[in-house]
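# Examination of the molecular architecture
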Amino acid sequence: MKRLGSFYTGRYRNVFKEYGFSEQEIQDRVQDTWTKLFEGSEETRIYYDAGDDMGYMLDTGNLDVRTEGMSYGMMIAVQMDRQDIFDRLWKWTMDYMYLTTGTHTGYFAWSCNPDGTRRSEGPAPDGEEYFAMALLFASHRWGDREEPYDYGTQARRLLHTCLHNGEDGSGRYPMWNPDHKLIKFIPECEFSDPSYHVPHFYELFADWAYPEDRPFWKEAAVASRAYLHKSCHPDTGLAPEYAYYDGTPNNERGYGHFFSDSYRVAANIGLDMEWYGADESLSDIANRIQDFFADKDPADYRRYTIEGEPFEEKSLHPVGLIATNAMASLAATGPHARKHVELLWNTPVRTGDRRYYDNCLYMFAMLALSGNYRIWMPNEHARK
Ligand SMILES: O[C@@H]1[C@@H](O)[C@H](O[C@@H]2CO[C@@H](O[C@@H]3CO[C@@H](O)[C@H](O)[C@H]3O)[C@H](O)[C@H]2O)OC[C@H]1O
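Residues numbered from 1 in each chain as written. Predicted model: local features only at pLDDT ≥ 70, side-chain atom pairs only at ≥ 80, totals over all residues. Heavy atoms only, no water.

Turning our attention to the overall build of the protein chain. The helix and strand tally for the protein chain stands at 13 helices and ten strands. Computed over C-alpha atoms, the radius of gyration of the protein chain comes to 19 Å, within 12% of the 21 Å expected from 2.2 N^0.38 for 384 residues, which places it in the range of a compact globule. The dimensions of the protein chain, computed from C-alpha atoms along their principal axes, are 50 × 45 × 45 Å. By the burial criterion, 63% of the 384 residues in the protein chain qualify as buried. For the protein chain, the proportion of contacts with a sequence separation of at least 24, taken over those separated by at least 6, is 65%. In the form shown here, the protein chain has an accessible surface area of approximately 14300 Å², with 48% of it arising from carbon and sulfur atoms. (Helix = DSSP H or I, 4+ residues; strand = E, 2+ residues; numbered from the N terminus. Rg over C-alpha atoms; globule rule 2.2 N^0.38 Å. Buried < 20%, exposed > 50% of the residue type's maximum accessible area, 1.4 Å probe, protein only. Contact = heavy atoms within 4.5 Å. Areas by Shrake-Rupley, 256 points an atom, 1.4 Å probe, with all protein chains shown as cover.)

This is the structure:
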């Protein structure tokens, strides 16, 4: 269901169909993408079974398992109605990534080896927000079961931790800054990553989190949309990877430019407009990003300053960038929306070592542009 203001319209655009592709070829393409990523050959797959009841998403470039990828895998699985894969991913996450001691108790270690040993004892908040959203959808689509498959309870507890960690003087940190209502890059820092901002999730958390947390999520949705306006360049629409709370790029460690993380901003704006359409001026950002890339050759995508100056360095994830620019068409009103969607359609999933991030973004775009990236409402399982 799509909600405009306080109304659900239940409309999901099939942009591929609007541009002339047939229903059958679109559904075949979505299914084929799933198969290539989750069941296909070593050339394309990024999901692997682990034992009888677990599985993981492999960052094939870094040879680790990230909360980002695990939560993306769960979101893709719930949209594709694959509870078997969802449960495998969630069990792996809980068994190996969930932190029960130390400063980050209640969060998930953001990077592990494929055997489950930890590479880091700290979290990355984009994982937690995607876990929570995927778990709530799973709860609504399939119903809750025994722990840890009591999806709704797990999600609400996690969201509560994200907002309240440290309030008891334990020396822990929340993942959202309580004054600015903005998501942090990591809990113990005071800056953000524009690509972590998913106001369309926060609107739903405002409906489904513990009652005492709901007002915060409503404010977070508003704050995040405002933050996207602040952090995306007024001419190019490009966002830096990291930015301060006032939106200015944080280049302390070289992440103040448009590179891998930043790509997701266009996709997030597309999905926010698809689900909510609460801030129509976000379309301007989508238009500017699509304008910027309209005359660029994907084979020559680079790292850019947010003003649009290219570096020598090539994009590490050009297929991911094609995917997110296409997903922006859900929000775009400019002349390049069709071109970016057709470019994605004519681009195969990525093969080779760096395929993980590109192919996650590719799958999200396939789902979203075919009308298959949906809000799953409470008790949908009971209506089946
Ligand atoms: O310093 C880490 C920080 O790196 C971590 O962030 C996660 C990793 O980076 C983000 O995505 C990557 C984009 O580039 C591709 O090449 C990678 O494959 C992606 O994983 C991701 O969104 C973050 O979760 O957060 C914790 C910090 O301590």
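Of all hydrophobic cores here, the largest spans 132 residues; its most connected members are Trp217 and Tyr373. It is helix 13 (residues 355-369) that provides the largest number of residues to this core, a total of twelve residues. Residue assignment places this core across two domains, with domain 1 (1-45 + 226-378) and domain 2 (47-175) each supplying three or more. Sequence-distant contacts of Trp217, defined by excluding residues within four places in its chain, comprise Leu159, Leu163, Trp176, Tyr202, Phe205, Ala206 and Ala209. The next biggest cluster of nonpolar side chains, apart from the first, holds five residues, and it includes Leu182, Ala223, Ala243 and Tyr245. (Core = buried A, V, L, I, M, F, W, Y, C linked by side-chain atoms within 4.5 Å. Domains from an automatic or database assignment.)

Let us now look at the domain arrangement of the protein chain. Under the domain assignment used here, the protein chain contains domain 1 (1-45 + 226-378) and domain 2 (47-175). The C-alpha centroid of domain 2 is placed 23 Å from the C-alpha centroid of domain 1. The partner domain 2 presents 26 residues to the 28 residues of domain 1 that form the contact. Between domain 1 and domain 2, the buried area comes to about 2400 Å², and carbon and sulfur atoms account for 62% of it. Looking at the side of domain 1 facing domain 2, the largest losses of area belong to Phe38, Tyr356 and Trp376, adding up to 32% of the total buried there. For the pair domain 1 and domain 2, the number of links is three salt bridges. Close ionic contact of Asp126 with Arg264 constitutes a salt bridge, the shortest N to O distance being 3.6 Å. Every element with two or more residues in the side of domain 1 that touches domain 2 is listed here: helix 2 (23-38), helix 9 (264-275) and helix 13. In terms of residue class, the side of domain 1 that touches domain 2 is made up of 16 nonpolar, four polar and eight charged. (Buried area = accessible area lost by both parts, 1.4 Å probe. Salt bridge = Lys/Arg side-chain N within 4 Å of Asp/Glu carboxyl O. Nonpolar A, V, L, I, M, F, W, Y, C, P; charged D, E, K, R; others polar.)

What follows concerns the environment of Glu43. Tracing the chain through its elements places Glu43 in the loop between helix 2 and strand 3 (47-50). Considering only alpha carbons, one finds Glu43 and Asp126, 83 residues apart in sequence, at a separation of 27 Å. With residues up to four places along the chain from it excluded, the contact list for Glu43 reads Arg350, Thr351, Gly352 and Arg355.

One pass over the structure, following the stated rule, counts 43 aromatic pairs. Between the aromatic rings of Phe292 and Tyr304, the centroid separation amounts to 5.1 Å while the plane-to-plane angle is 90°, which identifies the pairing as edge-to-face. Of this pair, Phe292 sits in helix 10 (residues 282-294) while Tyr304 is found in strand 9 (residues 302-304), placing the two residues twelve residues apart along the sequence. The class of Phe292 is buried, set by a relative accessible area of 12%. Here Arg29 stacks its cationic end above the ring of Trp345, 4.7 Å away from the centre of that ring. Taking NZ or CZ as reference, Arg141 lies 3.7 Å from the ring centre of Trp376, over its face. (Phe/Tyr/Trp six-rings, centres within 6.5 Å; stacked < 30°, edge-to-face > 60°. Lys NZ or Arg CZ within 6 Å of the ring centre and 35° of its normal.)

Before going further, it helps to spend a moment on the side chain of Thr67. Along the chain, the position of Thr67 falls in helix 3 (residues 67-79). Looking at Thr67, the relative accessible area reads 1%, which means it is buried.

As a further point, take the packing of helix 7 (residues 199-208) against helix 9. Their axes nearest at 8 Å, the elements helix 7 and helix 9 cross at an angle of 45°. With respect to helix 9, the element helix 7 is oriented oblique. Counting all contacts with helix 7, which are made through Pro199, His200, Phe201 and Leu204, the residues of helix 9 involved are Asn268, Leu271, Asp272 and Trp275. Classifying every residue of the contact of helix 7 with helix 9 gives five nonpolar, two polar and one charged. (Axes fitted to C-alpha atoms, helices over the stretch in contact; angles between N-to-C directions. Parallel < 35°, antiparallel > 145°, perpendicular 65-115°, else oblique.)

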